[in-house]
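Chain and residue survey
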Amino acid sequence: MKKLWNEELKRILILVLVSSTIGWVIGQIAWTLAIVLAFYATKQFLQLRRLILWIDRPSTEMPELSGIWEEMAYRFYRTRRRSESRKTRIANLLKRYQQATQSIPDATILLNSREEIEWFNGSATRILNLNKKDIGQPIGRLIRDPQFVAFLGSAEIDSEPLDILSPVDDSKFLEIRLVPSALDQRMLLIRDNTHIHRLTEMRRDFVANVSHELRTPLTVVIGYLETIETLDDLTVEELHDLVGRMSSPAHRMKTLVEDLLQLSKLDTGVIPAASQCPGIEVSALLKSIVRDADQLSSGSHQIETNIESGLRLRGMEKEIYSVFSNLVNNAVRYTPDDGLIQVVWKSVPEGALFQVVDSGVGIARENIDRLTERFYRVDVGRSRDSGGTGLGLSIVKQVLRRHDAELSIKSEIGKGSTFSCLFFAERVEGPEAIPSLENDLPLTNPG
Ligand code: ADP
């Protein structure tokens, strides 16, 4: 720039010298100088005008300028280009930031110092039904819960989040945090916590149920122990009798604890992929289960089997055993004497199907969906009398989930029930995969 100034000064100096010389030659120094300087000033003025017009309308082409004006125009152009690219960068950053906050699953609401809504993200629309009209509204008018209003007034940095019922759907629970944003702004972060509340409720119910289930047999055992303690002259026969009476509640507690342990293992453990599980010889497994069921029934039921030999299942043998035996034993327990029970294991287009059909007491439609809930029983007395813990079908459901299988239950009161487990092709090995064992279709009362 300095060089340009020097050149311009040199140019003015030469102009003054040349015009003075010419003026001296023609004897009009003052006039010649005045005319030449006026001409120079007009030229500079015109360039300045062109520059200003171009600055006002930067989209037009850069005008033709010379000397210092050309340099000024170029510098202006460079500064403008830089500020434009900075603006684009900031706009992109803002857009990315907004996109990121839009995709946050928590409702995010920006409040000004008067606690009015300045901005909110898409999740706020989903969780609180906010819409554009709510911008500028005080948040206390939309969430009227007195606990929230007090929280808004008193919340400090790091204060505990607030749990309230959703103002738009009272089946949902919200967790609200308030964090400082800019100087006079605060940000509300609202999370839908319904599933955590449900889990807490389920855990509470579960503990209550376990305590309840254990309390009755434990009270019976303690009762007998106290009797033994207080009676001094007990004969050996009487003692045997009392100990014998303790056996049933003690076994009930043992079964319950075993079922609980099994459920807890199923909840936490991972199962290997189908390709890594050995193929279970289901026909052999079922024979042993049906034999045990026959013993449980003491011959008072007719048990028929329709089992496809060589149809194997890739899974955890102990778990599958527990599913099949639970379903077969339930059929015996909930079917009156002389009833018919059919056990089926066969290939179907989707893979393989295990089915237990009974002609028992049946289940009302409204109870069917709840059968796999922990401790859910239709008839508590009947379940307990036959040694049930109310956990059998929960175990069935968990094991089937781990084996990507589906459970379906069809039943009619007084007519009987059908429990079906559908295993998909990737967990099934066809009969051709192994040499065929004996064909036991149909087989009645094995063992
Ligand atoms: P339980 O130990 O009580 O049998 P389950 O979880 O195995 O527990 O079954 C839950 C409830 O489902 C049972 O209490 C019973 O009311 C009902 N149920 C299960 N299987 C049958 C069946 N085959 N027929 C009728 N009701 C059944």
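A quick note: this is a predicted structure, and the numbers were derived from the prediction, not measured.

Comments concerning the site of the ligand
Surveying the vicinity of the ligand reveals 21 residues, the closest of which are Tyr334, Asp358, Ser383, Gly390 and Leu393. Serine 383 is positioned such that a nitrogen or oxygen atom in its side chain is 2.5 Å from an oxygen atom of the ligand. Contact between the ligand and glycine 390: an oxygen atom at 2.9 Å from a main-chain N or O atom of the residue. Contact with the protein chains removes 98% of the 530 Å² of surface that the ligand exposes when unbound. Residue assignment for the shell around the ligand shows that the elements contributing at least two residues are helix H10 (317-333), helix H13 (392-402) and strand E12 (416-424). Of the residues forming the shell around the ligand, the biggest block, 3 residues, is contributed by H10.

With respect to the environment of serine 248
Relative to the helices and strands, serine 248 is located in helix H8 (residues 236-268). As for serine 248 and valine 221, which are separated by 27 residues in sequence, their C-alpha atoms are 9.3 Å apart.

Examining the layout of surface pockets
Volume-wise, the second largest pocket comes out at about 580 Å³. If you go around the second largest pocket, you meet 18 residues; those closest to its centre are Met202, Arg203, Phe206, Glu373 and Arg374. If you list the elements that add at least two residues to the lining of the second largest pocket, you get helix H7 (194-230) and H13. Here the lining of the second largest pocket takes 7 residues from H7, the largest share from any one element. For the lining of the second largest pocket, the class distribution of residues is 5 nonpolar, 5 polar and 8 charged. Both of domain 3 (199-268) and domain 4 (274-429) provide at least three residues apiece to the lining of the second largest pocket.

A few points about the domain arrangement of the protein
Segmentation of the protein into domains returns domain 1 (2-97), domain 2 (104-192), domain 3 (199-268) and domain 4 (274-429). Put simply, the middle of domain 3 and the middle of domain 4, counted by C-alpha atoms, are 27 Å apart. Facing 15 residues of domain 3, the contacting portion of domain 4 comprises 14 residues. In total, about 1400 Å² of surface goes out of reach between domain 3 and domain 4, with carbon and sulfur atoms giving 61% of it.

Remarks on the sheet that holds strand E13 (residues 428-429)
Within the open sheet, the 3 strands sit side by side as E6-E8-E13. Their pairing is antiparallel. In this open sheet, the two strands that pair with only one neighbour each are strand E6 (279-280) and E13. Judged from the 2 bridges that link them, strand E8 (residues 312-314) and E13 form a sheet pairing that is antiparallel. Looking at the pairing, arginine 312 lines up with glutamate 429 of E13.

Considering the nonpolar core
Formed by 46 residues in total, the largest nonpolar core has its most connected members in Leu286, Phe324, Leu327, Trp345, Phe354 and Phe423. Broken down by secondary-structure element, the contributors of at least two residues to this core are H8, helix H9 (282-297), strand E7 (302-307), H10, strand E9 (340-348), strand E10 (351-358), H13 and E12. It is H10 that contributes the most residues to this core, 7 residues altogether. When residues of this core are sorted by domain, at least three fall in each of domain 3 (199-268) and domain 4 (274-429). Setting aside chain neighbours within four positions, we find phenylalanine 324 in contact with Val282, Leu285, Leu286, Ile289, Leu313, Trp345, Phe354 and Phe423. Membership of the second largest hydrophobic core comes to 21 residues, among which are Ile117, Ala124, Ile127 and Ile190.

Thresholds, definitions, all that
Just so you know, the residues in each chain are numbered from 1, in the order the chain's sequence is written. It should be noted that, the model being predicted, local features are given only for residues of pLDDT at least 70 and side-chain atom pairs only at 80 or more, the latter also being counted only at that level, while totals for whole chains, interfaces and linings use all residues. Side-chain figures throughout are based on the complete set of non-hydrogen atoms in the structure, without hydrogens or water. Only a single heavy atom is needed: when it lies within 4 Å of a molecule or strand, its residue is near that molecule or strand. Any pair of nitrogen or oxygen atoms within 3.5 Å is treated as a polar contact; in protein, a donor-acceptor pairing is required on top of that, and neighbouring residues in sequence qualify only through side-chain atoms on both sides. Each accessible area is a Shrake-Rupley estimate made with a 1.4 Å probe; only the visible protein chains count as cover when residues are assessed. Under the DSSP-based scheme used, a helix requires at least four consecutive residues in state H or I and a strand at least two consecutive residues in state E, with every element numbered from the N terminus. Here a cavity means grid points, on a 1 Å grid over the protein atoms only, where a 1.4 Å probe fits yet cannot get out; a pocket means an open set of points with protein on both sides within 12 Å along at least five of seven lines; lining residues are those with an atom within 4 Å of a point. Grid points are joined across faces, edges and corners, and a volume is the space filled by probe spheres set on the points. Polarity classes work like this: nonpolar for Ala, Val, Leu, Ile, Met, Phe, Trp, Tyr, Cys and Pro, charged for Asp, Glu, Lys and Arg, and polar for all others, with Gly in that last group. Boundary definitions for the domains trace back to an automatic or database domain assignment. We call two residues in contact whenever any of their non-hydrogen atoms come within 4.5 Å of each other. Take the accessible area each of two parts loses on contact, using a 1.4 Å probe, and add the two losses: that sum is the buried area. By definition, two strands form a pair when at least two bridges between them are found by DSSP. To qualify as a nonpolar core, a set must consist of buried Ala, Val, Leu, Ile, Met, Phe, Trp, Tyr and Cys residues joined through side-chain atoms within 4.5 Å. Whether a residue is buried, partly exposed or exposed follows from its accessible area with a 1.4 Å probe, protein chains only, as a fraction of its type maximum: under 20%, in between, or over 50%, in that order.

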